[in-house]
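Chain residues, written in single-letter form:
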Amino acid sequence: MFGYVVINEPELKIKDYREYKGVYCGLCQTLKHKYGPFGQLCLNNDMTFMALLHMSLYEDEEAGKERMYRCKLHPTRKQKIYENPCLDYAADMTLVLSYYLARDHWKDDRKPEALMQMHLLRKKVRKLLKIYPRQFQAVRNYVYRLEAAERTGEKDLDVLAGLTGTMLGEIMNWKNDVWADMLKEMGFYLGKFIYLMDAYEDLDKDIKKHRFNPLASYKHQPDFEQKIFSMLDLMMADCARSFEKLPLNLDVEILRNILYAGVWSKYMKIRNDKNKTEEVRDESL
C-alpha cells in the first residue's frame, strides 16, 4: 500500500530536494522519538507527502522548528530536519496504517514478521484510538469492508478503489476544519490511485499465489495496459484538480513534482519491470 507517492528526483531542484529530505528525515526522527527504532521502520514516502502538504496548508499555525541533525546512515554531513505538529500527526497515522498493513500481510501470507509487527504496534495503536477516533474508525471500516468485498469476489474497480479513497480522505482531513472537503476529495482520488497501483504491481504475484486481485480478469485483454494507464491518469487528474484548489504557498513545487511527475516515475518503473519479466519468459520458451 505504501511507496507510490514519491518525488521525481531528476526533475527536482537541489534546494527542493534538500527541503523534501528535511521533511522525510524529520518524519523519521519523529517516529523514533514517539515510537522508538521500530517506529522508524514504518517510515514511508506517502505519509511524508501528507506531512509536506499539511505544512504548506497550515504554515502559520503549525510552523514548528527546524534544526540540523547528523544521521547515522549519512554521517558525512548534517541534514536540516523539521519538527512540528504536522510531522507528529503523520507519524501517528503512519503507525495506525502500518498496524493494519501488517494485519493484512499476516492474513494473506501468515508471515511471522507481520505477526510480530502487529504485536509490537498493538498497544501503541490502541492509545491513538482515543486521540483520533474519526480516523481510526475510517481505517477500521476500510479494512472490514475491503475484506468483505474480497470474500464476495467484488470486481467493480471503482467500488474497491473507492474504499481506499474514502479511508485516505479521512486520514488527510487532519483537523476537520474549513479545508476538510478539499482534503477529503484530494485524498479520495489519491487513495484510488494507490489502490490501483498496488493491485497493478502485485498482479502477477497474486495470480501465482491464488490471491484476490481485481485486475486478474482484465489481464489478458489486448488493451489491458492502456486501460490501466487511462484509469490512473483520470484518478491523478481529479486529485491534482482538488490539490490546486488549496491555498498553498510553501513548497508547492515539491508537491507538484510528486503529483505530476513522481507518481508516474513509480508507475513507469513498475511497468518496465513487468515488461522485462515478460521478455525473460518469452526467451525461455
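The structure contained in this document is the topic of the report that follows. This one's a predicted model, so the numbers in the text were calculated from it and none came from an experiment.

**Some remarks on the packing of aromatic side chains**
Okay, step 1: Under the defined criterion, the tally for this structure stands at 13 aromatic pairs.
Okay, step 2: Measuring from centroid to centroid gives 6.2 Å for Tyr100 and Phe136, while their planes differ by 75°, and the two rings are edge-to-face. Of this pair, Tyr100 sits in helix α3 (residues 85–109) while Phe136 sits in helix α5 (residues 133–151), and the two are 36 residues apart along the sequence. In this structure, Tyr100 and Phe136 share a single accessibility class: buried.
Okay, step 3: Residues Phe229 and Trp264 carry aromatic rings whose centres are separated by 5.4 Å and whose planes lie at 50° to one another, so their mutual orientation is tilted. Taken together, the positions of Phe229 in helix α8 (residues 224–245) and Trp264 in helix α9 (residues 252–284) put the pair 35 residues apart, joining distant regions of the chain.
Okay, step 4: An aromatic cluster of three or more residues is present, and its members are Phe193, Tyr200, Phe224, Phe229, Trp264 and Tyr267.
Okay, step 5: Over the face of the ring belonging to Tyr58 we find Lys175, whose NZ or CZ atom lies 4.4 Å from the ring centre.

**Structural notes on the pattern of salt bridges**
Once their charged atoms are close, side chains differing in charge can pair, the charge on each being opposite to the other.
Okay, step 1: Summed over all chains, the structure comprises 19 salt bridges.
Okay, step 2: A salt bridge links Arg103 to Glu147; the nearest nitrogen and oxygen atoms lie 2.6 Å apart. A residue pair is termed long-range when its members are at least 10 positions apart, and Arg103 in helix α3 and Glu147 in helix α5 qualify at 44 residues.
Okay, step 3: For the salt bridge of Glu170 with Lys184, the shortest nitrogen-to-oxygen distance reads 3.8 Å. In this pair, Glu170 is assigned in helix α6 (residues 157–172) and Lys184 in helix α7 (residues 180–208), connecting sequence segments 14 residues apart.
Okay, step 4: With relative accessibility at 17%, the residue Glu170 sits in the buried group.
Okay, step 5: Overall, the relative accessible area of 30% leaves Lys184 in the partly exposed class.

**Some thoughts on the nonpolar core**
Okay, step 1: Counting residues in each nonpolar core, the largest one holds 86 residues, and the members touching the most others are Phe49, Leu53, Met186, Leu190 and Leu215.
Okay, step 2: The element contributing the most residues to this core is α3, with 13 residues.
Okay, step 3: Setting aside its immediate chain neighbours within four residues, Leu190 contacts Val5, Phe49, Leu168, Met172, Met236 and Cys239.

Criteria and cut-off values
Residues numbered from 1 in each chain as written. Predicted model: local features only at pLDDT ≥ 70, side-chain atom pairs only at ≥ 80, totals over all residues. Heavy atoms only, no water. Phe/Tyr/Trp six-rings, centres within 6.5 Å; stacked < 30°, edge-to-face > 60°. Helix = DSSP H or I, 4+ residues; strand = E, 2+ residues; numbered from the N terminus. Buried < 20%, exposed > 50% of the residue type's maximum accessible area, 1.4 Å probe, protein only. Lys NZ or Arg CZ within 6 Å of the ring centre and 35° of its normal. Salt bridge = Lys/Arg side-chain N within 4 Å of Asp/Glu carboxyl O. Core = buried A, V, L, I, M, F, W, Y, C linked by side-chain atoms within 4.5 Å. Contact = heavy atoms within 4.5 Å.

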